[in-house]
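# Observations on the three-dimensional arrangement
Residue-level listing of the chains:
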Amino acid sequence: MTELPKAYEPQAVEAKWYAAWIEGKCFEADPSSVKDGYSIVIPPPNVTGILHLGHVLNNAIQDILARRARQNGKEVLWLPGTDHAGIATQAKVERELREKEGVSRRDLGREEFLKRVWDYKNTHADIIINQLKRLGCSCDWSRERFTMDAPYTEWVSHVFVELFKKGLIYRGKRMVNWCPVSLTALSDEEVISTPQRSKLYFMKYELSDSPGEFLEISTTRPETLMGDVAVAVNPKDPRFTKYIGRTVNRPFPHAEIPIIADEHVDIEFGTGALKITPAHDKADFEIGIRHGLEIIDVLTPEGFINCPELPDFHGLDRFVARRKAAAKLEEMGLLIRIEEYENNVGYSERGGVPIEPRISMQWFLKYPCVQQAADAVAHGEIKFRPERWAKTYAHWMENLQDWCISRQLWWGHQIPVWYRTEKLADLKNAEALDMSNLSHGDLHVGTLPPPDAENWTRDEDVMDTWFSSWLWPFATMADVGQETPTLKKFYSTDDLVTGPDIIFFWVARMIMAGYEFTGELPFKNVYFTSIIRDLKGRKMSKSLGNSPDPIDLMEKYGADGLRFGLMRIAPTGSDLRFDEVTVEEGRNFANKLYNACRLRQMGDEPYQPFDPAAELNPFQINAMAKLDALAADLERLYGEYRFGEIAQRLYEFLWNDFCDKFLEAVKLDLRDTAPPKVKETTLAVFDVIMGRYLQLLSPYMPHVTEELSARMGYLAEGEFLMQKVLPSSPLLANLPPEKISSSQTLAAEIYESAGRMRNLKAEYKMGSRKDIRFVIKAAPEWLAAETKVLALLVGAEEISLDFNYDAPKGTPAAVTGIGEVYMPLEGLIDVEAERTRLTKEISATELEVKKCEGKLGNASFVDRAPPEVVVQEKARLEDWKNKLVQLREMLTALA
């Protein structure tokens, strides 16, 4: 044993052991190992990101799984890496260029701009990696990957080329989600549908052939009026039958536009007549295609009005133009009214602004292996935890839309398509490009440029960031065309830990890519973490100021304190309500564990190996049985991915079963006056329990458990706790079950009765006094041997057993599992003073009962107060009534 310092200093201990693990290569996976493999790939955080509580929860769970697998004798690969995060990273660099140099990316040119992004990446990339190390993550850092590394980039290009050759990738002009801030197309999954209070504008268009006669229409977007090419009505709507085939006058710029019939029009919405702007609405675009309507784009990519015919509008921001269009309609006498309107508006996930439906030439992917991917989850080959997410997944798989995989960015994997320069204009404006175009010799699709590269121009777009990360489980383990030992040993992976918000972005796509490019599923289990909210139920965000910095929390409470505190409140399948108090409790728990081990070191007694043949008392057997039950429970709970319950069981064992009960019960055995053999056995029991417990706790609190195991002498020379395999046998494997059962029954009755006796002391305000005497009547025979332990647990001077005890009237008493317990008051209290005190307390309690009954008897309060307030008031009344009964009984006892 090595003496423990007086106070536990988590920062120094955590830094020491993390460095030791790295130096000892404890995290590095060996593909040639004969052990069974276990693997998990980290959801790659943004390369320029910083740690937030969501990362802490996600990575703590992954670390727990990896460390537990090592304890189970597995060869573990936890593969780390970062994502290039196309839109987010480019936006940060562009903002920095504007603020510091006053230039844009186009001022610099593509090559120079990408150099700046790489510089930015190299400056910031280590931040989140070092933060993960600070948390204690046991990743194999020798295998760290980045989605823009050369070998990974080759994978992305290879996949594009293969899918293009299969006819699954094509280029076409489609209506896409457009971000006016990032200036790029977005997939449907990158658009956040946000409830919003909008306005519905009712206006009228004059019929061209009947001056003074008008058709009323409604819209939420008057600013796109300049792009109107028709008014549509439902052919089943009798109100508009007479108008179909006629024309109306578009107010500005003036034009005659047709009234058309289309069943898409919702008869119930607005007036039932819709202005059709094919360039700026997905539904209008479909109507326009069906009716062969002209497409007039009146918005720039940045979201400004593009209509030179109207100088007052040209160049205005779209939302400014909305107000101006409404004002102009009112000025012309064409605005009827404006109504408040609740609707969902699509926001760019990265840009944070409403997206624009925009017709654009983009690259699309028809998803591969759809049925295989759907069946894998439906048939349980891949298990979702919680299971309810399987329904969400199935619904999405049944309603797939082709994936828009191109982005109008420079930072990312550039589309591996080259156009013959002399044909560039024709090819870029072609309505569609697919496999059929390759035969003409003017299009090159490949992982390498064509031989005469000077005669070719590469497509400027890059691929959606998710198009690289959907390859993550296998592309991180082998280069294109290779079957490495790592891939053979560790693929498919065992677990994936991620958030339910990216079930479509990432999880579903990885499953399809896994089947398409490896023929296997990419992982066997998917665990979806909770969403972390504050105590008011709000999502964590910097703008609300409710998102604490995990690094600050680790500096204050230690990484183990943060991990354990967060895991203890992590429910399975529902949101997590974060409170910093729980992290403080995690730190306090580490201190409790540390102090328990310091108690063991008092007296300078050496480590005691446990002798299975030793004679054990009931309290020792009970504590060891509790530890065996804990180990069995944890095995089951790990299998069910119930991480919060695991933390709670670990907490309860140490705090309640071990410290509050066992250590209190064996204090007499640890005194210098105890017989040497008794003391030696108790110390050995302490060591065998604590040694095993530290192993069980290690995945959750790896640093403090490693420190204590080393200093307590529980490890062999050069051995690490995190690499020590859990024993297969229970501590009490050699003890008959009936002996274990009887010992646990005895210990439970002692502990329960001691608690009731302490309560009796507290009721008479004598909780801290040690000069109390108890008499137990009708006690079982075995209790005579345990009265000293019982007195120690109760805090009593003496406990006597007397079958014939005749208690004086008024003696406080309680019925317990070990007999009738009496607490004689002679010489302990001033009876008259106690009677006075109780009388006053009864009066005060009667007043509280009256106040509660008055509130609950007031119909106004009951009807108007929130239901939870009424329930709380009823509970308070019940508590006061119970206290009143108790106080009256105590007063009667003193009569």
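These remarks concern the structure in this document.

Calculation rules
Residues numbered from 1 in each chain as written. Predicted model: local features only at pLDDT ≥ 70, side-chain atom pairs only at ≥ 80, totals over all residues. Heavy atoms only, no water. Helix = DSSP H or I, 4+ residues; strand = E, 2+ residues; numbered from the N terminus. Rg over C-alpha atoms; globule rule 2.2 N^0.38 Å. Areas by Shrake-Rupley, 256 points an atom, 1.4 Å probe, with all protein chains shown as cover. Lys, Arg positive; Asp, Glu negative; His and termini not counted. Charge placed at Lys NZ, Arg CZ, Asp CG, Glu CD. Polar contact = N/O pair within 3.5 Å; in protein donor to acceptor, adjacent residues only side chain to side chain. Contact = heavy atoms within 4.5 Å. Buried < 20%, exposed > 50% of the residue type's maximum accessible area, 1.4 Å probe, protein only. Salt bridge = Lys/Arg side-chain N within 4 Å of Asp/Glu carboxyl O. Pairing = 2+ DSSP bridges. Axes fitted to C-alpha atoms, helices over the stretch in contact; angles between N-to-C directions. Expected span 1.5 Å × (residues − 1). Right-handed = clockwise from strand over helix to strand, strands pointing away. Parallel < 35°, antiparallel > 145°, perpendicular 65-115°, else oblique. Nonpolar A, V, L, I, M, F, W, Y, C, P; charged D, E, K, R; others polar. Phe/Tyr/Trp six-rings, centres within 6.5 Å; stacked < 30°, edge-to-face > 60°. Lys NZ or Arg CZ within 6 Å of the ring centre and 35° of its normal. Core = buried A, V, L, I, M, F, W, Y, C linked by side-chain atoms within 4.5 Å.

Here the focus is the overall build of the protein. The secondary structure content of the protein amounts to 28 helices and 30 strands. Here the C-alpha atoms of the protein give a radius of gyration of 37 Å, more than 25% beyond the 29 Å that 2.2 N^0.38 yields for 895 residues. Summarising its shape, the C-alpha atoms of the protein cover approximately 115 × 75 × 55 Å along the three principal directions. Accessible area of the protein: about 40,200 Å², with a carbon and sulfur share of 50%. Put simply, the protein has 109 plus and 135 minus side-chain charges, and the middle of one group is 3 Å from the middle of the other.

Considering the arrangement of structural elements, one finds T705 in helix 23 (residues 702-711). In terms of polar contacts, T705 uses its side chain to reach the backbone carbonyl oxygen of M701, at 2.7 Å. Those residues in contact with T705, other than ones at most four positions away along the chain, are L694, L697, S698 and L721.

For D495, the location among the structural elements is in strand 23 (residues 493-498). Buried D495, no salt bridge; nearest opposite-charge side chain is R385, N-O distance 5.9 Å. A distance of 3.4 Å separates polar atoms of two side chains, one belonging to D495 and the other to N525. There is a polar contact of 2.5 Å between the side chain of D495 and the side chain of Y641. Look past the residues within four positions of D495 in its chain and what remains in contact with it is Y38, S39, I40, V41, L65, N525 and Y641.

Bringing the sheet that holds strand 21 (residues 456-458) into the picture now. The sheet built from three strands is open, its strands ordered 20-18-21 with antiparallel pairing. Each edge of the open sheet is held by one strand with a lone partner, namely strand 20 (443-445) and strand 21. Strand-to-strand, the axes of this sheet are offset by a mean angle of 25 degrees, without reference to chain direction. Both strand 18 (residues 417-420) and strand 21 contribute to a ladder of three bridges, which runs antiparallel. Paired with R420 across the bridge in strand 21 is W456.

For helix 22 (residues 676-697), with 22 residues, the first-to-last C-alpha span of 31 Å sits near the 32 Å given by 1.5 Å per residue. Among the 22 residues of helix 22, 17 are classified as buried, and the element is accordingly described as predominantly covered.

Moving on: the pairing of strand 23. Along any regular strand, the residues point their side chains to alternate faces of the sheet. Across the six residues that make up strand 23, a large majority, six, are buried. Note that strand 23 and strand 24 (residues 523-528) share five bridges and pair parallel. Along strand 24, the bridge assignment pairs V497 with Y527. Running through helix 15 (residues 503-518), the crossover from strand 23 to the neighbouring parallel element strand 24 is right-handed.

Right, let's talk about the packing of helix 2 (residues 53-71) against helix 17 (residues 559-568) for a bit. Their axes nearest at 10 Å, the elements helix 2 and helix 17 cross at an angle of 95 degrees. The angle between helix 2 and helix 17 falls in the class roughly perpendicular. Between helix 2, through L53, V56, L57, A60, I61, D63, I64 and R67, and helix 17, the contact on the second element is made entirely by L562, R563, L566 and M567. Here the contact of helix 2 with helix 17 is built from residues that sort into nine nonpolar, no polar and three charged.

Turning our attention to the sheet that holds strand 30 (residues 819-822). Taken in spatial order, the four strands of this open sheet run 28-27-30-29, and their pairing is mixed. Looking along the sheet, the strands with just one partner apiece sit at the ends: strand 28 (798-801) and strand 29 (813-816). Strand-to-strand twist in this sheet, taken as the mean axis angle between neighbours without regard to direction, amounts to 25 degrees. As judged from the three bridges shared by strand 27 (residues 773-777) and strand 30, these two strands associate in the antiparallel manner. Each residue of the ladder has a partner; that of K777, found in strand 30, is E820. Where helix 24 (residues 737-763) meets the sheet, it contacts strand 27, strand 28, strand 29 and strand 30, and its direction lies at approximately 165 degrees from that of strand 29. Contacts between helix 25 (residues 787-794) and the sheet are confined to strand 27 and strand 28, with strand 28 contributing the most and set at about 135 degrees to the helix.

A few words on the pairing of strand 29. Burial along strand 29 is one-sided: A814 and T816 are buried, while A813 and V815, pointing the other way, are not. Two strands pair when backbone bridges link them, and strand 29 and strand 30 are joined in this way by four bridges, in the antiparallel orientation. The residue bridging V815 from the neighbouring strand is E820, located in strand 30. Taking the residues that link successive antiparallel strands as the turn, the strand 29-strand 30 hairpin has two residues.

Here we come to the packing of helix 3 (residues 86-101) against helix 5 (residues 110-135). For any two helices packed against each other, the geometry comes down to the angle between their axes and how far apart the axes lie. One can describe the packing of helix 3 onto helix 5 by two numbers: an axis separation of 10 Å at closest approach and a directional angle of 105 degrees. It follows that helix 3 is roughly perpendicular to helix 5 by the angle criterion. Mapping the contact onto sequence places T89, Q90, K92, V93, E94, E96, L97 and E101 in helix 3 and F113, R116, V117 and Y120 in helix 5. Of the residues in the contact of helix 3 with helix 5, the class split is five nonpolar, two polar and five charged.

Turning our eyes to something else, we now look at the packing of aromatic side chains. For the structure shown, the criterion picks out 44 aromatic pairs. With 5.7 Å between their ring centres and 20 degrees between their planes, Y170 and F364 make a pair best called stacked. A residue pair is termed long-range when its members are at least 10 positions apart, and Y170 in strand 5 (residues 169-179) and F364 in strand 14 (residues 356-365) qualify at 194 residues. By relative accessible area, which is 6% here, F364 ends up buried. Site record: aromatic cluster; members linked through ring pairs are F160, F164, W363, Y367, W396, W403, F467, W470 and F504. The lysine or arginine in question, K204, covers the ring of F214, its NZ or CZ lying 4.6 Å from the ring centre.

Further remarks concern the nonpolar core. Counting residues in hydrophobic clusters, the biggest one holds 164 residues, and the most contacted among them are F160, F467, M690, Y693 and Y700. If we skip the residues at most four places from it in the chain, Y700 touches I64, D560, R563, F564, M567, Y638, F643, I646, A647 and L650. V789, A814, I829 and A865 belong to the second-largest nonpolar core, a separate cluster that totals 44 residues.

Turning to its location among the elements, I621 is positioned in helix 19 (residues 618-639). Once the C-alpha coordinates of I621 and I740 are considered, the two residues, 119 residues apart in sequence, prove to be 6.5 Å apart. Among all residues touching I621, those that are not within four sequence positions of it are L616, L732, L735, K739, I740 and S743.

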